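Spelled out from the first residue to the last, the chains are:
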Amino acid sequence: MNTEVKQVLQRKYRVQVTVAIYREGSLSYKSEILSPAYYDKRQEARDHIRQEIRERLAHSKFFRSTRLDYDLVRYTEEGSCNTFLRYSIQDSEI
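S.K.: Give me the lowdown on the overall build of the protein, citing residues and values where you can.
M.R.: Check the secondary structure of the protein and you find one helix and five strands. Helices and strands in the protein line up, N terminus first, as β-β-α-β-β-β. In terms of overall dimensions, the protein is more spread out than a globule: its C-alpha atoms have a radius of gyration of 18 Å, far above the 12 Å expected for 94 residues. Seen along its three principal axes, the alpha-carbon backbone of the protein occupies a region of about 75 × 25 × 20 Å. The burial tally for the protein puts 30% of its 94 residues in the buried class.

Structure representation (structure tokens):
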């Protein structure tokens, strides 16, 4: 008797953070980091992003970015090297 065990894939969500550094207006470094936490609902991941942005705005030198492709920015004193952050939600099946 051949019994197949079907694996049920469950959709999960993760938060991805993109860090980009621009020196004198040109991209010099970019890295993407996936959060180790998985969320069952997309709304939970959105809430995590909102909380992360609130904390960074309150407790760091990041500001809301005027660039449409990034959420936050931190300016250097010289203004020639700026750090940008972008948060996005990635879905996967587990």
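From this point, the narrative continues.
S.K.: Mind laying out the pattern of salt bridges, listing which residues take part and the relevant values?
M.R.: Pairing between side chains of opposite charge can happen when the charged atoms of each approach one another. Evaluation of the coordinates by the stated rule reveals six salt bridges. For Glu52, the salt bridge is made with Arg56, and the minimal N-O distance between the two is 3.2 Å. Of this pair, Glu52 and Arg56 both sit in helix H1 (residues 42–59), four residues apart, roughly one helical turn. Overall, the relative accessible area of 29% leaves Arg56 in the partly exposed class. Salt bridges here are not isolated pairs; linked through shared partners, they connect Arg11, Asp91 and Glu93.

S.K.: Pulling in residues and values, what's your account of the nonpolar core?
M.R.: Ranked by internal contacts, the top residues of the largest apolar core, which has 13 residues, are Val15, Val17, Ala45, Ile49, Leu72, Leu85 and Tyr87. At the level of elements, strand E1 (11–23), H1 and strand E5 (81–93) are the ones that each hand at least two residues to this core. Among the elements that line this core, the one with the most residues is E1, at four residues. Setting aside its immediate chain neighbours within four residues, Ala45 contacts Tyr13, Val15, Tyr39 and Ile89. Of all hydrophobic cores here, the second largest spans five residues; its members include Ala20, Tyr22, Tyr70 and Val73.

S.K.: Account for the packing of aromatic side chains, naming residues and giving values.
M.R.: Within this structure, the stated rule accounts for four aromatic pairs. Aromatic pair Tyr22 and Phe84: ring centres 5.4 Å apart, planes at 85°, arrangement edge-to-face. With Tyr22 in strand E1 and Phe84 in strand E5, the pair connects residues that are 62 residues apart, well separated along the chain. The burial state of Tyr22 is the same as that of Phe84; both residues are buried. Pairwise contacts between aromatic rings join Tyr22, Tyr70 and Phe84 into one cluster. Between Arg67 and the ring centre of Tyr22, over which it is positioned, the NZ or CZ distance is 4.5 Å.

S.K.: How would you explain the sheet that holds E5 if you had to name every residue and give the values?
M.R.: If you trace the five strands from one edge of the open sheet to the other, you get E2-E1-E5-E4-E3, paired in antiparallel fashion. The open sheet is flanked by strand E2 (26–34) and strand E3 (63–64), the only strands paired with a single partner. For E1 and E5, the ladder comprises 13 bridges, and the chain directions are antiparallel. Looking at E5, one finds that Tyr13 is bridged to Asp91.

Thresholds, definitions, all that
- Residues numbered from 1 in each chain as written.
- Predicted model: local features only at pLDDT ≥ 70, side-chain atom pairs only at ≥ 80, totals over all residues.
- Heavy atoms only, no water.
- Helix = DSSP H or I, 4+ residues; strand = E, 2+ residues; numbered from the N terminus.
- Rg over C-alpha atoms; globule rule 2.2 N^0.38 Å.
- Buried < 20%, exposed > 50% of the residue type's maximum accessible area, 1.4 Å probe, protein only.
- Salt bridge = Lys/Arg side-chain N within 4 Å of Asp/Glu carboxyl O.
- Core = buried A, V, L, I, M, F, W, Y, C linked by side-chain atoms within 4.5 Å.
- Contact = heavy atoms within 4.5 Å.
- Phe/Tyr/Trp six-rings, centres within 6.5 Å; stacked < 30°, edge-to-face > 60°.
- Lys NZ or Arg CZ within 6 Å of the ring centre and 35° of its normal.
- Pairing = 2+ DSSP bridges.

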